[in-house]
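Examining the three-dimensional arrangement
Residue-level listing of the chains:
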Amino acid sequence: MVCKTCCNKKQLQCIENTLIQEKINKFERLTDREKEVLREVATGKLNKQIANELNIAEQTVKIHRGNAMHKLGLRSALDASAFLLDIGRVTGDE
């Protein structure tokens, strides 16, 4: 945690930008399918719904979801949603 009294606004902005860039770099290391599944998870869809939309088995969704969550250090769909909002990658438009 950075103390606001010890840093000026420019330093805080620099730290924030660095943290966001680190998150983006982690996200970019995901496979395309992991990214696709994670976006759907972040919208609150169930594994079965995601599987139907992507024409893949529900077990495959679980695997991609688990891999993505592990790689990003996330624990819940809410975490995934917040993560994607932070990096501006909620949609597939990159």
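So, here's what we can say about the structure. This one's a predicted model, so the numbers in the text were calculated from it and none came from an experiment. (Residues numbered from 1 in each chain as written. Predicted model: local features only at pLDDT ≥ 70, side-chain atom pairs only at ≥ 80, totals over all residues. Heavy atoms only, no water.)

Our next topic: the packing of helix α3 (residues 47-54) against helix α4 (residues 58-72). Contact geometry for α3 and α4: axes closest at 8 Å, N-to-C directions at 110 degrees. The pairing of α3 with α4 is recorded here as roughly perpendicular in orientation. Contact residues: N47, K48, I50 and A51 in α3; E58, V61, K62 and R65 in α4. Looking at the contact of α3 with α4, its residues break down into three nonpolar, one polar and four charged. (Axes fitted to C-alpha atoms, helices over the stretch in contact; angles between N-to-C directions. Helix = DSSP H or I, 4+ residues; strand = E, 2+ residues; numbered from the N terminus. Parallel < 35°, antiparallel > 145°, perpendicular 65-115°, else oblique. Contact = heavy atoms within 4.5 Å. Nonpolar A, V, L, I, M, F, W, Y, C, P; charged D, E, K, R; others polar.)

Turning our eyes to something else, we now look at the nonpolar core. Generally speaking, nonpolar side chains in soluble globular proteins are found buried as a group. Counting 13 residues, the largest nonpolar core has F27, L38, F83 and L84 as its most contacted members. At the level of elements, α1 (9-28), α2 (32-42), α4 and α5 (77-87) are the ones that each hand at least two residues to this core. Among the elements that make up this core, the one with the highest residue count is α5 (four residues). Excluding anything up to four places from it in sequence, F83 contacts K23, F27, L72 and L74. Counting residues in each nonpolar core, the second largest holds seven residues, with V37, I50, A51 and L54 among its members. (Core = buried A, V, L, I, M, F, W, Y, C linked by side-chain atoms within 4.5 Å. Buried < 20%, exposed > 50% of the residue type's maximum accessible area, 1.4 Å probe, protein only.)

The next point concerns the environment of L54. Along the polypeptide, L54 turns up in helix α3. Counting along the chain gives 21 residues from L54 to R33, while the straight-line C-alpha distance between them is 9.5 Å.

This brings us to the environment of L84. As for its position among the elements, L84 is in helix α5. Its relative accessible area of 0% is what places L84 among the buried residues. The spacing of L84 and K23 is 61 residues in sequence and 9.1 Å in space, taken between C-alpha atoms.

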